[in-house]
Every structure is written in C-alpha cells, then in structure tokens.
Amino acid sequence: RLKVLENVPLFAGLSRRQLGKLLVKFFEKEYPSGETIFMEGEPGKALFIVLTGRVSISRDLKQGEELLATLTAGGYFGELALIEDQPRFATVRAVEPSVLLILYKSDFDDLIEGHRTLAIRVMGNLLKTLAMYVRRAQSQVNGRNSTSPGRISAPDQSTMTSGSIPRD
C-alpha cells in the first residue's frame, strides 16, 4: 500500500515516513462489480485510490451517460474533496471487483493539523493539479487538447492507469 501511495502524484515529494503517517489515515473498502462508489451531485467527502480492480467515471448528460475515464490500480479520484465538500462532478462505479483506499477529508484535516511540511507538500501538489485543470479547460475552449503523461486529455480516451481528471 505504501508503494501505491508513492506513485500517486498528490503525494509526490513526501518521505516514506510521511507516507506512512498518511497511510494510517486511509480506510480500505471492497466494492463488488457494478456497485456505485458515489453519485454525481453528492457532497465530496473523500479521496479514493484504486488499489485493485477497475472503476468507471461518468457524467449524466441529456442524451445519456458519458464515460470520462476508466481507472485501474494506482488511479485516483475525488481529490478536490480534500479542499472542500462541493458536489461530485461525476458518478463512479466499480467495473469489476475493486479494492479502494479512502481518505476522508476530516482525517486528512486532522493529519495536516500537526504536520506542517506534509500539509505544504500535499497542498502544493493539489494546487498543481488545479492549475492543470485550468490549463486543460482553457486549451479545450481554444480548440486544442493538451497532453500530460498519465492523464486524460481527450474526452474519448477511456482507459487510465494513474493521474487525474476533474471529477468533483
């Protein structure tokens, strides 16, 4: 599990000791195939990391459901919930039996309260993620798609092993 956290961009730059402190705050949960993890519009309360299995991220549109991404081991979603509890941007479902690591905002807040260096590093990584979302949105408005390694930049791309798209 520590290896998985080491490869999550939100935790880049954290020492193994800091990752260990973070890991104890995560809750592990199994989801059977087809189970909904959360629905679009629900309040965001946690970050999720795919430990095993595969999950789909989709949005409801007037003409039906649009698949935004499929995440496998090491992929993460719901990171904006660590900042505030805004409604979820999309619905996430287990495509196959999956095990997820879950970090609730309240546990994250408790952790960073006493660990200034960890808090600064993770918040800095969250800011980089938000900046990437803004650049991608600007690029799409201007009719261009930007590509970042390990991230989805085109709406028709359906598989993702790690990285992040705006989902909250």
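Note: the structure precedes this text.
The following refers to the structure shown.

Parameters at a glance
- Residues numbered from 1 in each chain as written.
- Predicted model: local features only at pLDDT ≥ 70, side-chain atom pairs only at ≥ 80, totals over all residues.
- Heavy atoms only, no water.
- Core = buried A, V, L, I, M, F, W, Y, C linked by side-chain atoms within 4.5 Å.
- Buried < 20%, exposed > 50% of the residue type's maximum accessible area, 1.4 Å probe, protein only.
- Helix = DSSP H or I, 4+ residues; strand = E, 2+ residues; numbered from the N terminus.
- Contact = heavy atoms within 4.5 Å.
- 1 Å grid on protein atoms, 1.4 Å probe; cavity = no way out; pocket = protein on both sides within 12 Å on 5 of 7 lines; lining within 4 Å.
- Points joined across faces, edges and corners; volume = space filled by probe spheres on them.
- Nonpolar A, V, L, I, M, F, W, Y, C, P; charged D, E, K, R; others polar.
- Pairing = 2+ DSSP bridges.
- Axes fitted to C-alpha atoms, helices over the stretch in contact; angles between N-to-C directions.

**Remarks on the nonpolar core**
Core analysis: the largest hydrophobic core is formed by 25 residues, its most contacted members being Phe 11, Phe 26, Leu 47 and Ile 49. Those elements giving two or more residues to this core turn out to be α1 (2-6), α2 (16-23), β3 (46-52), β8 (98-104), α3 (105-113) and α4 (116-141). A total of four residues in this core trace back to one element, the largest contributor, which is α4. Dropping the residues within four chain positions of it, Leu 47 is found in contact with Leu 10, Phe 11, Phe 26, Tyr 76, Phe 77, Gly 78, Glu 79, Leu 82, Leu 101, Ile 102 and Leu 103. Core analysis: the next-biggest nonpolar cluster, separate from the first, contains 17 residues, Ile 37, Ala 46, Val 50 and Leu 71 among them.

**A word on the layout of surface pockets**
Size it by volume and the second largest pocket reaches roughly 180 Å³. When residues of the lining of the second largest pocket are traced back to their parent elements, those giving at least two are β1 (27-31), β2 (36-38), β3 and β8. Its residues placed into classes, the lining of the second largest pocket shows eight nonpolar, no polar and five charged.

**Focus on the sheet that holds strand β7 (residues 91-94)**
In any sheet, the strands associate via hydrogen bonds between backbone groups, in a parallel or an antiparallel arrangement. A sheet is described by the order of its strands in space; here four strands give the open sequence β2-β7-β4-β5, paired in antiparallel fashion. At either end of the open sheet lies a strand with only one pairing partner, and these are β2 and β5 (64-71). Ignoring which end each strand starts from, the neighbouring axes of this sheet average 30° apart. Bridge count for strand β4 (residues 55-61) against β5 is seven bridges, and the pairing is antiparallel. Residue pairing across strands places Ser 58 opposite Leu 67, the latter belonging to β5.

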